[in-house]
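Breakdown of the fold
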Amino acid sequence: MVTQHAFTFLAPLPDDRVAPLRKLLQQLMQDDVEDNQWFPMMKMETIHFARLLILKEKPSERKKAPAYPNYLVFSTNYDGSLDAHLREIVEKSGDGFQAIFGHFLDGPTESFTTKDCVAFLKRHSDYRAYFYIGTWGRSVQQIRHEEKVRQLAEDFLDQQASPEESPRQIWQNMVKYLRQQNVLLEKQAYRCYYFKI
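Residues numbered from 1 in each chain as written. Predicted model: local features only at pLDDT ≥ 70, side-chain atom pairs only at ≥ 80, totals over all residues. Heavy atoms only, no water.

Bringing the overall build of the protein into the picture now. Secondary structure summary: the protein contains six helices and five strands in total. Scanning the protein from its N terminus toward the C terminus, one meets helices and strands in the order β-α-β-β-α-α-α-α-α-β-β. When each of the 197 residues of the protein is scored for burial, the buried share is 35%. The long-range fraction of contacts in the protein, counting pairs at least 24 apart against all pairs at least 6 apart in sequence, stands at 65%. (Helix = DSSP H or I, 4+ residues; strand = E, 2+ residues; numbered from the N terminus. Buried < 20%, exposed > 50% of the residue type's maximum accessible area, 1.4 Å probe, protein only. Contact = heavy atoms within 4.5 Å.)

Taking 1.5 Å per residue, 17 residues should reach 24 Å; helix 1 (residues 15–31) reaches 26 Å between its end C-alpha atoms and fits that length. Buried within helix 1 we find Val-18, Leu-21, Leu-24, Leu-25 and Leu-28. One side of helix 1 holds all its buried residues, which, seen down the axis, span an arc of 140°. Those residues of helix 1 that are exposed and aimed more than 90 degrees away from the buried face are Asp-16, Ala-19, Lys-23 and Gln-30. (Expected span 1.5 Å × (residues − 1). Arc of directions from axis to C-beta.)

The final tally for this structure, using the stated rule, is 10 aromatic pairs. Relative to Phe-101, the ring of Phe-74 has its centre 5.8 Å away and its plane inclined at 65°; by these criteria the two rings are edge-to-face. Of the two residues, Phe-74 is situated in strand 3 (residues 71–79) and Phe-101 in helix 3 (residues 95–101); the sequence distance between them amounts to 27 residues. A residue is classified by how much of its surface remains accessible, and Phe-101, at 0% relative accessible area, is buried. Note on Phe-104 and Phe-120: the rings are 6.1 Å apart at their centroids and 50° apart in plane angle, and the pair reads as tilted. Here Phe-104, found in the loop between helix 3 and helix 4 (114–123), pairs with Phe-120, found in helix 4; they are 16 residues apart in sequence, far enough to count as distant. (Phe/Tyr/Trp six-rings, centres within 6.5 Å; stacked < 30°, edge-to-face > 60°.)

A separate point is helix 4. Structurally, the α-helix is built with 3.6 residues per turn, so residues lying three or four positions apart point the same way. Buried within helix 4 are the following residues: Cys-117, Val-118, Phe-120 and Leu-121. Projected down its long axis, helix 4 shows its buried positions confined to an angular sector of 155°, all on one face. Buried residues along helix 4 sit against strand 1 (4–12), helix 2 (82–93) and helix 3.

This next bit is on the pattern of salt bridges. Counting across every chain of the model gives three salt bridges. One salt bridge connects Glu-88 with Lys-92, and the closest N-O pair in it is separated by 3.2 Å. Of the two residues, Glu-88 and Lys-92 both sit in helix 2, four residues apart, roughly one turn of that helix. Among the residues examined, Lys-92 registers a relative accessible area of 34% and is labelled partly exposed. One salt bridge in this structure joins Asp-106 and Arg-123, with 3.4 Å as the shortest N-O distance. Placement of Asp-106 in the loop between helix 3 and helix 4 and of Arg-123 in helix 4 is noted, with a sequence separation of 17 residues between them. For Arg-123, a relative accessible area of 47% translates into the label partly exposed. (Salt bridge = Lys/Arg side-chain N within 4 Å of Asp/Glu carboxyl O.)

Take a negative patch on the surface next. On the surface, Asp-31, Asp-32, Glu-34 and Asp-35 cluster together into a patch of negative charge. By relative accessible area, Glu-34 is classed as partly exposed at 44%. (Patch = residues over 30% accessible without salt bridge, like charges linked within 9 Å, V, L, I, M, F, W, Y side chains within 5 Å. Areas by Shrake-Rupley, 256 points an atom, 1.4 Å probe, with all protein chains shown as cover. Lys, Arg positive; Asp, Glu negative; His and termini not counted. Charge placed at Lys NZ, Arg CZ, Asp CG, Glu CD.)

Below, the discussion takes up the sheet that holds strand 3. Backbone hydrogen bonds hold the strands of a sheet together, and the pairing may be parallel or antiparallel. On the basis of which strands lie adjacent, the open sheet formed by three strands has the order 1-3-2 and antiparallel pairing. Only two strands of the sheet have a single partner each, and these edge strands are strand 1 and strand 2 (47–55). Within this sheet the neighbouring strands show an average axis-to-axis angle of 10°, counted without direction. In this sheet, strand 3 lies alongside strand 2 in antiparallel orientation, the contact comprising eight bridges. Its bridge partner lying in strand 3, Ala-50 is registered against Thr-76. Each of strand 2 and strand 3 touches helix 1; the most contacted strand, strand 2, lies at about 145° to it. (Pairing = 2+ DSSP bridges. Axes fitted to C-alpha atoms, helices over the stretch in contact; angles between N-to-C directions.)

Below, the structure written as structure tokens:
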């Protein structure tokens, strides 16, 4: 079974970097949150759920205490080991990693290696991380594959199934169709169907 974990990055953001970073994050939302040039989350195969957000500066509730600064929060729920997950983020976001995280005083520069970028993320992640609970125990790859199978089955039922066929005939034809799409295997001994991954 795939192990799933949560990661939280939290670091104070210099005042003069808030507006440019907010503009970049808004651009990501307008382009395509999942598949943009800066941070293409759909290409990251370990991410189940991710969020990037800026927390605004907030006055302290205690008298004469300093205000809480602006923060950038980056949180993920992911498959596998933390190092592998963070390496994937760094490598698959390319220039986008520096564009986002380069706003920090100790943030990545052009001279940073993948190892340096991972160390930077870890340095700002000593916080309790929280889970988004969806499909526990299934990898991102498996979830995406099962969604593809569901979509193919739905397309088959919408376009090729006939109301004149019996439910058994429709099922048999759909299984045949899914095999032709190379997404389904049958284990003969139990007559159970398994998705190819």
